[in-house]
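Examination of the molecular architecture
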Amino acid sequence: MTVTTPSAPARATAPVEPAKRGRPRVRPGRLGVHAFLMTVSLAFLAPLLLAVYASLRPYEETAEHGYFSLPRHLSFDYYRQAFSDSGMGKYFVNSLIIAVPGVLLTLFLASFVAFAVTRLQMRGGLVLLMVFTAGNLLPQQVIVTPLYVFFNKIDLPYWMSDSMTMYDSYWAVLAVQVAFQVGFCVFVLANFMRTLPMEIVEAARVDGAGVWTQYWRITLPLCRPALAALGTLQFTWMYNDFLWALVFISNGDKLPVTSALNNLRGQFFTDYNLLAAGSVIVALPTVLVFLLLQRHFIAGLTLGASKG
């Protein structure tokens, strides 16, 4: 006779409810940071937005109702008038003749010096880097008169300068721009190249790569984000500069585009809406360069922000 024992009652298992996830609390400090950044951004954008807004309105309307009034009529007539009346076409070419070679030459010289200081382990490299950095501390206005006298004494052939001297030529402005900007670029590129693994260059040396190959084909491609960020900044600075062109160029047809805005000022009356339209046109190339190099520019600014 077999005795069957009743099976143990199954334990009642209640369904386990997933833990309720609460919404992340918004920290007051974070809200304050975002509010501060938005305020600063609007403060920087306000003059530009006001200039664009004024350039689309007739001057008679703003004179009667004020610049902060609602528009009655909007048009692009001022842009067409600013471009034609000031002759901006030739001035744009003048600025590009100075800015484009200046940026390329500055980045080439600065990257080569930074490579020599950080990769070739040359003697006195730190002192050389300090000298290039200290050059940025010299106020530019201090050497205006010596450079003016110096450039008037440097003879150039006719095909390089109409004045037969370095004065009143693009070469004078280009030389000064490169000389003053190389130091800053050397400082930035040297610090960036120090973060690159030294084993890459050592492996190239074992494979028989020369100094030029180490620089041009190995190190320089790795510095693309830093070069793009510096290129954007350098183009903006050289393109917007007016001091050196005003000092070293006497021929009005050779002046950069920043001087074209002065042609929009009348002798007895100045239409500031027309001047605003001209300012927006002058600023467009720098905005275009930033948009083209935006990805590399932001990558260059965030270099070293995180480890790994």
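Quantities reported herein were computed from a predicted structural model and do not represent experimental measurements. (Residues numbered from 1 in each chain as written. Predicted model: local features only at pLDDT ≥ 70, side-chain atom pairs only at ≥ 80, totals over all residues. Heavy atoms only, no water.)

This next bit is on the overall build of the protein chain. A count of helical and extended segments in the protein chain gives 13 helices and zero strands. Helices and strands appear in the protein chain in the N-to-C order α-α-α-α-α-α-α-α-α-α-α-α-α. Burial statistics for the protein chain: of 308 residues in total, 37% are counted as buried. Taking all contacts inside the protein chain whose residues are at least 6 apart in sequence as the whole, residues at least 24 apart take part in 70%. Carbon and sulfur atoms make up 67% of the accessible area of the protein chain, which totals about 20000 Å². (Helix = DSSP H or I, 4+ residues; strand = E, 2+ residues; numbered from the N terminus. Buried < 20%, exposed > 50% of the residue type's maximum accessible area, 1.4 Å probe, protein only. Contact = heavy atoms within 4.5 Å. Areas by Shrake-Rupley, 256 points an atom, 1.4 Å probe, with all protein chains shown as cover.)

Quick look at the side chain of Asn-273 now. Turning to its location among the elements, Asn-273 is positioned in helix 12 (residues 272-292). Residues in contact with Asn-273, not counting those within four places in the same chain, are Ala-54, Ser-55, Arg-57, Pro-58, Tyr-59, Thr-62, Tyr-67 and Tyr-78.

Turning our attention to a nonpolar patch on the surface. Taken together, the side chains of Leu-105, Phe-108, Leu-109, Phe-112, Trp-212 and Trp-216 present a nonpolar region at the surface, about 570 Å² in accessible area. Of all elements in the fold, only helix 4 (88-118) and helix 9 (211-222) reach the threshold of two or more residues within the nonpolar patch. The element contributing the most residues to the nonpolar patch is helix 4, with four residues. (Patch = residues over 30% accessible without salt bridge, like charges linked within 9 Å, V, L, I, M, F, W, Y side chains within 5 Å. Salt bridge = Lys/Arg side-chain N within 4 Å of Asp/Glu carboxyl O.)

Before going further, it helps to examine the pattern of salt bridges. Under the criterion given, the structure shown has four salt bridges. The residue Arg-57 makes a salt bridge to Glu-61 at a minimum N-O spacing of 2.9 Å. Of the two residues examined, Arg-57 and Glu-61, each falls in the buried class. Arg-80 is the partner of Asp-77 in a salt bridge, and the nearest nitrogen-oxygen pair spans 3.9 Å. Note that Asp-77 and Arg-80 are positioned in helix 3 (residues 77-85) at a spacing of three residues, about one turn of the helix. Using a relative accessible area of 42% as the deciding quantity, one classes Asp-77 as partly exposed. The class for Arg-80 is exposed, based on a relative accessible area of 56%.

What follows deals with unusual backbone geometry. Even without glycine at this site, Met-164 takes up a positive phi of about 65 degrees. By the secondary structure assignment, Met-164 is in the loop between helix 6 (144-152) and helix 7 (170-193). Using a relative accessible area of 40% as the deciding quantity, one classes Met-164 as partly exposed. The backbone phi angle of Asp-168 is positive, close to 60 degrees, even though this residue is not glycine.

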